[in-house]
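Examination of the molecular architecture
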Amino acid sequence: MADDCVFCEIVAGRIPADVVHETATVVAFRDLSPQAPLHVLVVPREHAVDAAELADHHPDRLAELVKVARDVAAESGHESYRLVFNTGAEAGQSVFHTHLHVLAGRVLTWPPG
Ligand code: AMP
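Let me sum up the structure you'll find in this document.

All chains considered together, the criterion is met by 1 aromatic pair. Arranged with centres 5.3 Å apart and planes meeting at 75°, the rings of Phe7 and Phe29 form a pair that is edge-to-face. Pair noted here: Phe7 is in helix H1 (residues 6-11) and Phe29 is in strand S2 (residues 26-30), with a separation of 22 residues, a long-range link. The same class applies to Phe7 as to Phe29, namely buried.

This is the structure in structure tokens:
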């Protein structure tokens, strides 16, 4: 667990979140500022600053994030969804605990902003 990490606090149950799915190693909860009708963040319980660091230390966890994302989308009735790892501040990362955005429920354009 890292100091001052909001997602570590959510995983520990010290900050409330709208949790939609949990496994022994992963937690999925709704984004506070949803950008689509379904906008969920899937996070590993252990702290890693981004997806690449998670891949270095827990490669199996990356696959679990994707599988939980698929299940969350399916549970909401969505076959199509977008998965995003913002990595680094210039790419839009604002919370430095690995999180996979799951977005669905509207037409998603490309390229992203
Ligand atoms: P990113 O900008 O890719 O790092 O994404 C961080 C996301 O976390 C943003 O979409 C925020 O809206 C979301 N967020 C920040 N704090 C919370 C929180 N306490 N509960 C749920 N979502 C949060």
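And the narrative resumes.
Our next topic: the site of the ligand. In the vicinity of the ligand lie 16 residues, with Asp31, Asn86, Gly92, Ser94 and His101 positioned nearest. Contact between the ligand and Ser94: an oxygen atom at 2.6 Å from a main-chain N or O atom of the residue. Take Val95: an N or O atom from its main chain is 3.0 Å from an oxygen atom of the ligand. Calculation on the ligand without its partners gives an accessible area of 510 Å², and the protein chains cover 82% of this total. Secondary-structure elements contributing two or more residues to the shell around the ligand are H1 and S2. Its residues placed into classes, the shell around the ligand shows 7 nonpolar, 7 polar and 2 charged.

Looking now at unusual backbone geometry. The omega torsion of the bond from Trp110 to Pro111 falls at 10°, within 30 degrees of zero and hence cis. If you check the backbone angles, Asp4 has positive phi at about 55° while not being a glycine. Looking at where Asp4 falls in the secondary structure, it is placed in the segment before H1.

On to the nonpolar core, then. Counting 15 residues, the largest nonpolar core has Leu38, Val40 and Val42 as its most contacted members. Per element, the largest residue contribution to this core is 5 residues, and it comes from helix H3 (residues 59-75). The contact partners of Leu38, leaving out residues within four places of it in the chain, are Arg30, Val72, Ala73, Ser76, His78, Val102, Leu103 and Ala104. In this structure, Ile10, Leu41, Val43 and Val95 belong to the second largest nonpolar core, which totals 11 residues.

Thresholds, definitions, all that
- Residues numbered from 1 in each chain as written.
- Predicted model: local features only at pLDDT ≥ 70, side-chain atom pairs only at ≥ 80, totals over all residues.
- Heavy atoms only, no water.
- Phe/Tyr/Trp six-rings, centres within 6.5 Å; stacked < 30°, edge-to-face > 60°.
- Helix = DSSP H or I, 4+ residues; strand = E, 2+ residues; numbered from the N terminus.
- Buried < 20%, exposed > 50% of the residue type's maximum accessible area, 1.4 Å probe, protein only.
- Near = heavy atom within 4 Å.
- Polar contact = N/O pair within 3.5 Å; in protein donor to acceptor, adjacent residues only side chain to side chain.
- Areas by Shrake-Rupley, 256 points an atom, 1.4 Å probe, with all protein chains shown as cover.
- Nonpolar A, V, L, I, M, F, W, Y, C, P; charged D, E, K, R; others polar.
- Core = buried A, V, L, I, M, F, W, Y, C linked by side-chain atoms within 4.5 Å.
- Contact = heavy atoms within 4.5 Å.

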